[in-house]
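Residue strings, one per chain:
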Amino acid sequence: MSEISCEDVLHEIEHLVDGELDADQAAHLEHHISACGSCFGHADFRRKLKEIVRIKCQGTDDTPEHLLMAVRERLHAEGMGQHPPGPQPQA
């Protein structure tokens, strides 16, 4: 497989963490991530965040659907380097 850019990896991290890539794609991304400190940091953060959310949400099924959708949209937008509509954090 050809080299993959950090930008491409960042676009695919969510799919990788969620196990949505085929084995070849996942291995290709993991190879890049293992050699790139910046991408490793992003992937590690996403994995830890996913685990924290999973633990915190165990046993609760009363989360409003609109909140789940808002969180999913925000995570997707941030993974794509975009910002969803609404208030943005101040630097």
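Structure: above.
Now for a look at the structure at hand. Since the model is a prediction, treat every value here as computed from it, not as a measurement.

Things to note about the overall build of the chain
Argument step 1. The helix and strand tally for the chain stands at four helices and zero strands.
Argument step 2. Secondary structure elements of the chain, listed N to C terminal, follow the sequence α-α-α-α.
Argument step 3. When each of the 91 residues of the chain is scored for burial, the buried share is 20%.
Argument step 4. Counted over contacts in the chain with a minimum sequence separation of 6, partners at least 24 positions apart contribute 57%.
Argument step 5. Total accessible area on the chain is roughly 6,900 Å²; 58% of this is exposed by carbon and sulfur atoms.

As for the nonpolar core
Argument step 1. With 12 residues, the main nonpolar core is built from Ile 4, Val 9, Ile 13, Leu 16, Val 17, Leu 21, Ala 26, Leu 29, Ile 33, Cys 36, Cys 39 and Ala 43.
Argument step 2. Going through the elements one at a time, helix H1 (6-17), helix H2 (23-35) and helix H3 (37-57) are the ones with two or more residues in this core.
Argument step 3. Of all the elements, H1 adds the most residues to this core, at four residues.

Describing the environment of Ser 5
Argument step 1. Its location among the elements puts Ser 5 in the segment before H1.
Argument step 2. According to the relative accessible area criterion, Ser 5 is partly exposed, its value standing at 32%.
Argument step 3. The spacing of Ser 5 and His 32 is 27 residues in sequence and 8.4 Å in space, taken between C-alpha atoms.

Side note on the packing of H1 against H3
Argument step 1. Closest axis-to-axis distance for the H1/H3 pair is 10 Å, and the angle between their directions is 20 degrees. As summarised for this structure, H1 and H3 are arranged roughly parallel, according to the angle between their axes. Crossing of H1 over H3 shows right-handed handedness. Seen from H1, the contacting residues are Cys 6, Val 9, Leu 10, Ile 13, Glu 14, Leu 16 and Val 17; seen from H3, they are Cys 39, His 42, Ala 43, Arg 46, Arg 47 and Lys 50.
Argument step 2. Class assignment for the residues of the contact of H1 with H3 results in eight nonpolar, one polar and four charged.

Thresholds, definitions, all that
Residues numbered from 1 in each chain as written. Predicted model: local features only at pLDDT ≥ 70, side-chain atom pairs only at ≥ 80, totals over all residues. Heavy atoms only, no water. Helix = DSSP H or I, 4+ residues; strand = E, 2+ residues; numbered from the N terminus. Buried < 20%, exposed > 50% of the residue type's maximum accessible area, 1.4 Å probe, protein only. Contact = heavy atoms within 4.5 Å. Areas by Shrake-Rupley, 256 points an atom, 1.4 Å probe, with all protein chains shown as cover. Core = buried A, V, L, I, M, F, W, Y, C linked by side-chain atoms within 4.5 Å. Axes fitted to C-alpha atoms, helices over the stretch in contact; angles between N-to-C directions. Parallel < 35°, antiparallel > 145°, perpendicular 65-115°, else oblique. Left-handed = near helix turned anticlockwise from the far one by under 90°. Nonpolar A, V, L, I, M, F, W, Y, C, P; charged D, E, K, R; others polar.

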